[in-house]
Amino acid sequence: MRLHERFRVLLVLGSFGLLSGCGNDDDAEAPISEVPTAYTFERNGLSTVDYSGQTDRLNMVAEIKAYITKGDKGEAVEASVLNDMFANTNSPFLSAELNASSKKLEDKTFVSEVQNIKELFEATEVASADVAANGTVAGEGVAGRLQRGTTDSYILVNELGWEFTQFVEKGLMGSTFYNQIFNAYLTDAKVGDGVDNEALVDGKNYTAMEHHWDEAFGYFGVPVDFPTGEPVLEASERRFWGHYTNNMDALLGTNALLMNAYLKGRTAIVNKDYVTRDQQREIIYAGHELVTAAVTVHYINQAIGNFNDGDIGNAFHHLSEAYQFVKAIQYSPKKKLTQAQINDILTSNLGEGGDFWKATVAGLNEARNTLVTTYQELEPVKDQL
Amino acid sequence: MRLGEYKKWAPVVLMLAGMMVTSCGEDDNGPNAGDNFDQKGFLEHVGSSLIVPAYQELEQKSGILRDKISSFIASPESSTLEEAKTALFEARIAWQYCSPYQFGPAEESGLVSNLNIFPADRSKIERNIENGSYNLGTLANNDAKGFAALEYLLYGKDVTSGEVIQGFADQPQRATYLQNVAELIIATAAEVYSAWSPDGGNYLGEFTSDGALGADAGSSLGKLVNALNLSFERNTRDAKIGIPAGIRSLGITIPEATEAYYAGYSLELALANVDAYKKLFLGQTREGVKGLGFDDYLKARKAATTSGSELPLDEAINAQFDAVLGFIDQIENPLDEQISTDNSRVQQVFAQMQQLAVLLKTDMASALGVVISYQDNDGD
């Protein structure tokens, strides 16, 4: 590993005080004088960025969603397939690349949620089989399908009106993606001062601290040129947190807020400017949380509209989204919303005991007020969200 | 823009600014200037002469409805039943004139969900009465309350008035249910009227404030245009006509989904409703007194149709309102029988409503610079 040895030497030189830093193109440890506009970082002309493991997991959730959606279409869905996808066993994916990947979702999911997700899989199997055999329509206390408005699109829900597709997809966006960003990669244990930012990881072109930051960015799931591409997101990129961040951008400027923070923080790590790194960490926590709260208000607004249309299918679809988005906030250790407030929204405001059939407009307004009061940025745009 | 560039363009910018000042100096209407239309005057007229009176009327008629139902419960006989039915009809007509204004207080109070979800779910109503325990505020009970539920209870399905009256006598909790539904209607109507009223929450003041001028999503014009389009598409075109006629229900006709299936006056309600939109468009009060309306706004903008019609947009829309009303007039009451016997005439009404929806949603909204922000589905 000749290259590797060379980096070691450079690192030693660098640690003597970046003396040779400026103006020397060959110096891999040169500080970056300007924050780049795209998420590309190099050392000696080679990229130092790799978050393929995160991209794999985003793709896994996409396949899980695609499979579970069959239930919405009236087909039977098997829990064993979903469990295999969750644990990446028995080559469950359509993509051979994912089947070959060493990554899986299950071990990165917030511990207490793993069992809930598996129970959702089981319930999906039972409800979808019933619908496939009997065409069961959902009702109070009865799992089944509901039509969305007057369209030919349906949702499969449990006995409380929870849409399985949304509960699984959005649930994993919180309990896996956010959990990993918030409770793993952006913590002191992964990017704090004690983490190695001098030596390159064995056989790699990055330091441990650089890599951890990149892994957090990987779960954000946006293209490296975000948000300057035309279009900002290609159709295939319109998913997960990048998609929702982009959706909230017109009203809240969330694209630049988050992207700049990821870029500045990563640049600061290269420059060993840990004050800036920590400032950007705070911005990222708050930025993701703001997006999530804004999306929740958006779906609550939609649900209130559906109430007034007498459109239960769309109301439950939107309540399912709202439920999982507000729940995702709980994974942030720095959240502004208290756990008690989140619980109140989940178990009371969106329907007593989380039962959407028991939801009231008054309860939805209460949830909306809690969010808008907690996140002042939402107040002026609350009706437009 | 670098400073050097700015300097280069500065004289041009100043010149353009000067031209704008002279061109609209006489009649500057704030953010939406560029035409001679008095947007603030328009909003004040629509707010204080159409919207607030509509909600006031709804509160008044809902109060009478509650009282007449109480009288009927106190002495269940055919005269009190007939009076309750009349009060129900009048409250429902009053509602039709509020239907275009489902934003702000109406949306926050869930007005439609408490008043006018139809068709009512008969078996759910009977189950609730049987159980005696229910929360009318829940989503699950959306179709077990409101005018449609009162109609079902007062008219019954395939029964005589005498049997209806006997039903209340036999089942005290039936009377309680009837009263609870009527109470929720008046409570919600009162809440919305009070929120709009200058003596109450004064949403009227917010609606007509300078800060709410313009055409942005948060502006009063933006809210009004979005709300009237959304309500016209879903509550008028789809719910009153499209769904019962099978056009918005996957080809299956559902005569029982008509607005007044048991009472048989769905067409009167539809006519009043379209009239409400037309009056809003023309800035006319219920009595027909004309003030600033969308038609004047479109005239000021010299708006044309996108379909290339000879008529300017304001006249094209006015003519299309008349076409819709004319086609509804061609249908025989009750609507459910018309659907069962000759659905093609109902489908024609839908087609005319669809044309009107396009004019209002595409042509009018874009002529006014309003972005339609609601979607049918999120697509995810």
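Everything quoted here is computed from the prediction, not taken from an experiment. (Residues numbered from 1 in each chain as written. Chains lettered and ligands numbered in written order. Predicted model: local features only at pLDDT ≥ 70, side-chain atom pairs only at ≥ 80, totals over all residues. Heavy atoms only, no water.)

How should a negative patch on the surface be read in this particular structure?
A cluster of acidic residues, A:Glu78, A:Glu119, A:Glu122 and A:Glu125, forms a negative patch at the surface. Looking at the element boundaries, A:Glu119 is found in helix H5 (residues 111–134). (Patch = residues over 30% accessible without salt bridge, like charges linked within 9 Å, V, L, I, M, F, W, Y side chains within 5 Å. Areas by Shrake-Rupley, 256 points an atom, 1.4 Å probe, with all protein chains shown as cover. Salt bridge = Lys/Arg side-chain N within 4 Å of Asp/Glu carboxyl O. Lys, Arg positive; Asp, Glu negative; His and termini not counted. Charge placed at Lys NZ, Arg CZ, Asp CG, Glu CD. Helix = DSSP H or I, 4+ residues; strand = E, 2+ residues; numbered from the N terminus.)

Can you help me understand the packing of helix H14 (residues 313–329) of chain B against helix H16 (residues 343–367) of chain B in this one?
Helix packing geometry: the angle between the two helix axes and the distance between the axes. Residue and element names in this part refer to chain B. Where H14 meets H16, the closest approach of the two axes is 9 Å, and the angle between their N-to-C directions is 160°. Considering their axes alone, H14 and H16 lie roughly antiparallel with respect to each other. In the crossing of H14 with H16, the sense of the turn from one axis to the other is left-handed. Across from Leu-313, Ala-316, Ile-317, Gln-320, Phe-321, Ala-323, Val-324, Phe-327 and Ile-328 in H14, the residues of H16 making contact are Gln-348, Val-349, Gln-352, Met-353, Gln-355, Leu-356, Leu-359, Leu-360, Asp-363, Met-364 and Ala-367. A class-by-class count of the residues in the contact of H14 with H16 yields 15 nonpolar, four polar and one charged. (Axes fitted to C-alpha atoms, helices over the stretch in contact; angles between N-to-C directions. Parallel < 35°, antiparallel > 145°, perpendicular 65-115°, else oblique. Left-handed = near helix turned anticlockwise from the far one by under 90°. Contact = heavy atoms within 4.5 Å. Nonpolar A, V, L, I, M, F, W, Y, C, P; charged D, E, K, R; others polar.)

Just to check I follow, could you spell out the interface of chain A and chain B for this structure?
Listed as interface residues are 37 residues of chain A and, on the opposing side, 27 residues of chain B. Taken over both partners, the interface formed by chain A and chain B buries close to 2,400 Å², and the fraction arising from carbon and sulfur atoms is 48%. The largest contributions to the chain A side of the interface with chain B come from A:Thr150, A:Asn308 and A:Asp309, which together make up 25% of the buried area. One can count three salt bridges joining chain A with chain B. B:Glu108 is paired through a salt bridge with A:Arg368; the nearest N and O atoms lie 3.4 Å apart. Applying the counting criterion to the chain A and chain B interface returns eight residue pairs in polar contact (both at pLDDT 80 or more). Grouping the amino acids of the side of chain A that touches chain B by side-chain chemistry returns 13 nonpolar, 16 polar and eight charged. (Buried area = accessible area lost by both parts, 1.4 Å probe. Polar contact = N/O pair within 3.5 Å; in protein donor to acceptor, adjacent residues only side chain to side chain.)

I'm lost on empty space enclosed by the protein in this one. Help?
Rolled over the atoms, a probe sized like a water molecule indicates the empty space that remains. The full count for this structure, using the stated rule, is three cavities of 30 Å³ or more. Each pocket or cavity is described by its volume, and for the largest cavity that value is around 100 Å³. Lining the largest cavity are A:Gly305, A:Asn308, A:Asp309, B:Gln102, B:Glu107, B:Val112, B:Ala227, B:Leu230, B:Ser231 and B:Asn235. Top element by residues in the lining of the largest cavity is helix H11 (residues 220–242) of chain B. It accounts for four residues. In this structure, the second largest cavity spans a volume of roughly 40 Å³. Lining the second largest cavity are B:Leu228, B:Tyr277, B:Leu280, B:Phe281, B:Phe294, B:Phe321, B:Leu360 and B:Met364. Where the lining of the second largest cavity is concerned, the elements lending two or more residues are helix H12 (266–282) and H16 of chain B. Broken down by element, the lining of the second largest cavity gets its largest block of residues, three residues, from H12(B). Classifying every residue of the lining of the second largest cavity gives eight nonpolar, no polar and no charged. (1 Å grid on protein atoms, 1.4 Å probe; cavity = no way out; pocket = protein on both sides within 12 Å on 5 of 7 lines; lining within 4 Å. Points joined across faces, edges and corners; volume = space filled by probe spheres on them.)

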